[in-house]
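Topology and contacts: notes
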Amino acid sequence: MTAKSAAAAARATVYGYPRQGQHRELKKAIEGYWKGKVTAEALKETARTLRHSHWQELADAGIHEVPTGDFSYYDHVLDTSVMVGAVPDRHRAAVSADALDGYFAMARGTQDVAPLEMTKWFDTNYHYLVPELGPDTVFTADSTKQVAELKEALAVGLTARPVLVGPLTYLLLSKPAPGVAADFEPLTLLDRLLPVYAEVLADLRAAGAEWVQLDEPALVQDRTPAELNAAARAYRELGSLTDRPKLLVASYFDRLGDALPVLAKAPVDGLALDFTDAAAANLDALAAAGGLPGKRLVAGVVNGRNIWINDLEKSLSTLGTLLGLADRVDVAASCSLLHVPLDATAERDIDPQIVRWLAFAKQKTAELVTLARGLAQGTDTIATELAANRADLASRANSALTHDPAVRARAAAVTDADGRRSAPYAARATAQRAHLGLPLLPTTTIGSFPQTDALRSARADLRTGRIDTAGYEDRIKTEIRDVLGFQEKAGIDVLVHGEPERNDMVQYFAEQLTGYLATQHGWVQSYGTRYVRPPVLAGDISRPEPMTVRWTSYAQSLTGRPVKGMLTGPVTMLAWSFVRDDQPLGDTARQVALALRDEVGDLEEAGTSVIQVDEPALRETLPLRAADHAAYLAWATEAFRLSTSGVQDRTQIHTHMCYAEFGDIVQGIDDLDADVISLEAARSHMQVARELAEHGYPREAGPGVYDIHSPRVPSADEAAALLRKGLEAIPAERLWVNPDCGLKTRGWPETRASLENLVTAARTVRAELSGS
């Protein structure tokens, strides 16, 4: 096919779509089911309605081929585990008794059975359930969900493409099951898994699938020759099947590198590649590999992870270059639109001109259709859209919101000394122990306490005018008193005020900083039924006034025990926002760090002796390629130190990280120079404690002993066992006892019981250490 005919054939498609619905209908139905207020059939009907609505929206917008199988009650990787029969032994009875309840037991656990481990999906804030595999794992095909959803789409007259997690990515994201040797490599199960994928592909072909998409984002990471050979073998085998649909292998989030020629040569029918940001290197690599003659190329030229409008002319130029490299070029977002909100036009509280800078899932879909039409029919057919796009891009570039000379001058004046504590850790630790007087194995929590219906009602009442500010603040004071009273009674050593006034750990601060915009309906799935509204970091950042001092000081006035000041760190403020793309991330991080530095200083001046600056996104934001790590960690750790280094030696700086793989950034964690770090460890059985020990981490650490992402209450014996395991890696004088993460999403009954057990465990192990 010539470039001209390839252009004429161009169509628009997407890899996936937000699942929740405009009003988070899926979240409400699932949580209603968990509470026994929604029947299983009602839940399934809500899911069917949402799927059909999403498909119809896409089709009506001009998307030629809608995705199926991307919809999930909880997580698409968990769905894949069900599809291939990789159900842990401890969950088999629950799955056999009731497939839906068993599915949720794998995701959330029960009082008697622990859930699957959860961690971040590559460098996004989406969490997936980690498959547990071992040498005895037996895979069995169950394509029920995938076939049913395909048939639903076909039944209403749509062209549909099932989307599956590919076999390489599934195995590379898996971990050894409990009891399996830590050095077991799940990839050794590839030959056992491929026949199961072959069976699923045959089922989908029989159900009417012309194309099936196999997502292999793991191949954009650094892969060994053995892993690349496994990829070649897998797609040689799958591509050689006689009873199969056409195969489209998709990658996203970064450049493919050495994996690109492997996939280009494979006997598959098409590749879907990311051409945005760092992945733009795929264009030259594809040309060097000889293109994709006789194959379909799905070109991800619209960024599926940010919310800024696309530069249509730039994307058309990229698409034009690609036309000569494949038999057919279709237009897509760089990845699933799962990572962006649904509709920017719902944002009534943002300046209409600024809204024109934003593209959520619906707007990105429209951009794809416009690009496909321009590619197929010529730019004259989209002249109006191109002119409007140029005007909107210019409006953003020239806005006073994006350039504050005072902020830029302050950031430019930062020196290396500004990012260093005045004394080394050993001297600080001596001063802090003398000042705080904490026991061995001190107990604390991560920050937030349950956000009750009463608190949510109070915020709603304030917004609607049913109560005034004074009435709202009285409710907040009552909640703080209750939270402190519980902690003192339970015996926790370092207290928190519970954050009742905060809606979200990033949004709360974003609403008080210049340069940020808050959305009302910009919900994005983080995990399961947990949705967040990432703020939009649109311009230069500064802090007009203190943000946390008042409530932290109020809490400290109620107790003689230390109360932690709680802040969100600069990297997480970027990672969990939709960050500006018109300047280097390091420049934006420095601006946020300086605003937080002012807040840390004000907290210390007000008498706060323990200040926690959370950085749960430090690992999440790590680039996927090792070659890019050093530059990222340099600006990321500098930003944290800039936030925290202006305090006295006796002021103890904490940080917190959760639900990521930390082993490959332990040096970065060390470079933060925090006095204490708390990390998720309960589901991973203290793996991070061992990683810290292997590195020789010299400061204090609190690997979590209570998994807060499950409703189950860990017993005191269970928490004590984890604590003893932590002591195998970290000396008692440097070990803290805490949950994995904040308690915002938990209910009070389980929180009370779990924290009481945590304190009991700490006292038990403390007594063992003292010999009493």
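Everything in this summary refers to the structure shown in the same document. Quick caveat, the model's predicted, so the values are computed rather than measured. (Residues numbered from 1 in each chain as written. Predicted model: local features only at pLDDT ≥ 70, side-chain atom pairs only at ≥ 80, totals over all residues. Heavy atoms only, no water.)

Notes on the overall build of the protein
- Counting secondary structure elements, the protein contains 29 helices and 20 strands.
- Computed over the C-alpha atoms, the radius of gyration of the protein is 26 Å, within 12% of the 28 Å expected from 2.2 N^0.38 for a compact globule of 772 residues.
- Overall size of the protein, expressed as C-alpha extent along the three principal axes, is 75 × 60 × 50 Å.
- Taken over 772 residues, the protein has a buried fraction of 61%.
- Contacts spanning at least 24 positions in sequence make up 80% of the contacts within the protein whose residues lie at least 6 apart. (Helix = DSSP H or I, 4+ residues; strand = E, 2+ residues; numbered from the N terminus. Rg over C-alpha atoms; globule rule 2.2 N^0.38 Å. Buried < 20%, exposed > 50% of the residue type's maximum accessible area, 1.4 Å probe, protein only. Contact = heavy atoms within 4.5 Å.)

Notes on the packing of helix H9 (residues 190-206) against helix H10 (residues 225-239)
- It is at 10 Å that the axes of H9 and H10 come closest, and there the two elements cross at 35°. Here H9 and H10 pass one another in a crossing that is right-handed. Touching Leu190, Asp191, Leu194, Tyr197, Ala198 and Leu201 of H9 are Ala230, Arg233, Ala234, Glu237 and Leu238, all from H10.
- Tallied by class, the residues present in the contact of H9 with H10 amount to 8 nonpolar, no polar and 3 charged. (Axes fitted to C-alpha atoms, helices over the stretch in contact; angles between N-to-C directions. Left-handed = near helix turned anticlockwise from the far one by under 90°. Nonpolar A, V, L, I, M, F, W, Y, C, P; charged D, E, K, R; others polar.)

As for the sheet that holds strand E18 (residues 652-657)
- The 5 strands are arranged E16-E17-E18-E19-E20 in an open sheet whose pairing can be described as parallel. If you trace the sheet from one side to the other, it starts and ends with strand E16 (564-568) and strand E20 (700-703), each paired once. Across the sheet, the mean angle separating the axes of adjacent strands is 20° when strand polarity is ignored.
- Across the sheet, helix H25 (residues 629-644) is in contact with strand E17 (610-614) and E18; its angle to E18 comes to roughly 145°. (Pairing = 2+ DSSP bridges.)

A word on the packing of aromatic side chains
- Under the counting rule described, the total for this entry stands at 17 aromatic pairs.
- Ring centres of Trp34 and Phe104 lie 5.4 Å apart, and the angle between their planes is 90°; on these two criteria the pair is classed as edge-to-face. One end of the pair, Trp34, is in helix H2 (residues 25-34); the other, Phe104, is in helix H6 (residues 99-108), with 70 residues separating them in the sequence.
- Trp34 sits in the partly exposed class, given a relative accessible area of 26%.
- With 6.3 Å between their ring centres and 70° between their planes, Phe449 and Phe486 make a pair best called edge-to-face. Of the two residues, Phe449 sits in the loop between helix H18 (425-436) and helix H19 (453-464) while Phe486 sits in helix H20 (residues 469-490), which places them 37 residues apart along the sequence.
- When the ring centre of Trp34 is taken as origin, the NZ or CZ atom of Arg108, which lies over that ring, is 3.6 Å away.
- Sitting over the face of the ring of Trp308, Arg396 holds its NZ or CZ atom 3.7 Å from the ring centroid. (Phe/Tyr/Trp six-rings, centres within 6.5 Å; stacked < 30°, edge-to-face > 60°. Lys NZ or Arg CZ within 6 Å of the ring centre and 35° of its normal.)

Remarks on the pattern of salt bridges
- Taken as a whole and judged by the stated rule, the model has 54 salt bridges.
- A salt bridge links Asp254 to Arg255; the nearest nitrogen and oxygen atoms lie 3.0 Å apart.
- Taking relative accessible area as the criterion, Asp254 reaches 4% and is therefore assigned buried.
- Ionic pairing is found between Arg456 and Asp453, a salt bridge with its closest N-O pair at 3.6 Å. Of the two residues, Arg456 and Asp453 are both situated in helix H19; the distance of 3 residues between them amounts to about one turn of the helix.
- Exposure remark for Asp453: the relative accessible area of 60% places this residue in the exposed category.
- One salt-bridge network, in which partners are shared between bridges, spans Arg396, Arg408, Asp540, Arg580, Asp581 and Asp582. (Salt bridge = Lys/Arg side-chain N within 4 Å of Asp/Glu carboxyl O.)

Thoughts on the state of the cysteines
- Going through the model one piece at a time under the given rule, you end up with 0 disulfides.
- Cysteine Cys741 remains unbridged, with the sulfur of Cys658 as its closest cysteine sulfur at 3.5 Å. (Disulfide = S-S within 2.5 Å.)

So, the nonpolar core
- Phe139, Tyr170 and Tyr235 are the most contacted members of the largest nonpolar core, which has 121 residues in total.
- Ranked by residue count, the leading element in this core is H9, at 8 residues.
- The next biggest cluster of nonpolar side chains, apart from the first, holds 98 residues, and it includes Leu441, Val496, Val600 and Met686. (Core = buried A, V, L, I, M, F, W, Y, C linked by side-chain atoms within 4.5 Å.)

Some details on helix H7 (residues 144-155)
- Compared with an ideal rise of 1.5 Å per residue, which puts 12 residues at 16 Å, H7 spans 16 Å between its outermost C-alpha atoms and is within 8% of the ideal.
- The complete set of buried residues in H7 reads Gln146, Val147, Glu149, Leu150, Glu152 and Ala153.
- For H7, the elements touching its buried residues are helix H3 (40-61), strand E1 (66-68), helix H4 (76-83), strand E5 (160-165) and H9.
- Downstream of H7 by one or two residues, Gly157 has phi in the positive range, about 85°. (Expected span 1.5 Å × (residues − 1).)

Let's talk about the environment of Glu210
- Locating Glu210 in the fold gives a position in the loop between H9 and strand E7 (211-215).
- As for Glu210 and Leu440, which are separated by 230 residues in sequence, their C-alpha atoms are 64 Å apart.
- Ignoring sequence-local partners within four residues, the contact set of Glu210 consists of Pro245 and Lys246.

Examining unusual backbone geometry
- Of note, the phi angle at Phe253 is positive, near 90°, even though the residue is not glycine.
- With respect to the helices, strands and loops of the structure, Phe253 is situated in the loop between strand E8 (246-250) and helix H11 (259-265).
- At Asp673, a position not held by glycine, the phi torsion is positive, near 60°.
- Secondary-structure assignment places Asp673 in the loop between helix H26 (666-671) and strand E19 (676-679).

Side note on the side chain of Thr548
- As for its placement among the helices and strands, Thr548 is situated in the loop between strand E15 (536-542) and helix H22 (549-556).
- Every residue in contact with Thr548, bar those within four places of it in the chain, is listed here: Arg502, Tyr508, Phe509, Met566, Leu567, Glu599 and Leu603.

Some remarks on the sheet that holds E7
- A sheet is described by the order of its strands in space; here 7 strands give the open sequence E1-E5-E7-E8-E9-E10-E11, paired in parallel fashion. If you trace the sheet from one side to the other, it starts and ends with E1 and strand E11 (326-333), each paired once. For this sheet the average axis-to-axis angle between neighbouring strands, irrespective of direction, equals 25°.
- Strand direction decides the pairing type here: E5 and E7, joined by 3 bridges, are parallel. In the strand pairing of E7, Val165 is matched with Asp215.
- Of the strands in this sheet, strand E10 (292-302) and E11 touch helix H15 (residues 361-377), which is tilted by about 155° from E11.

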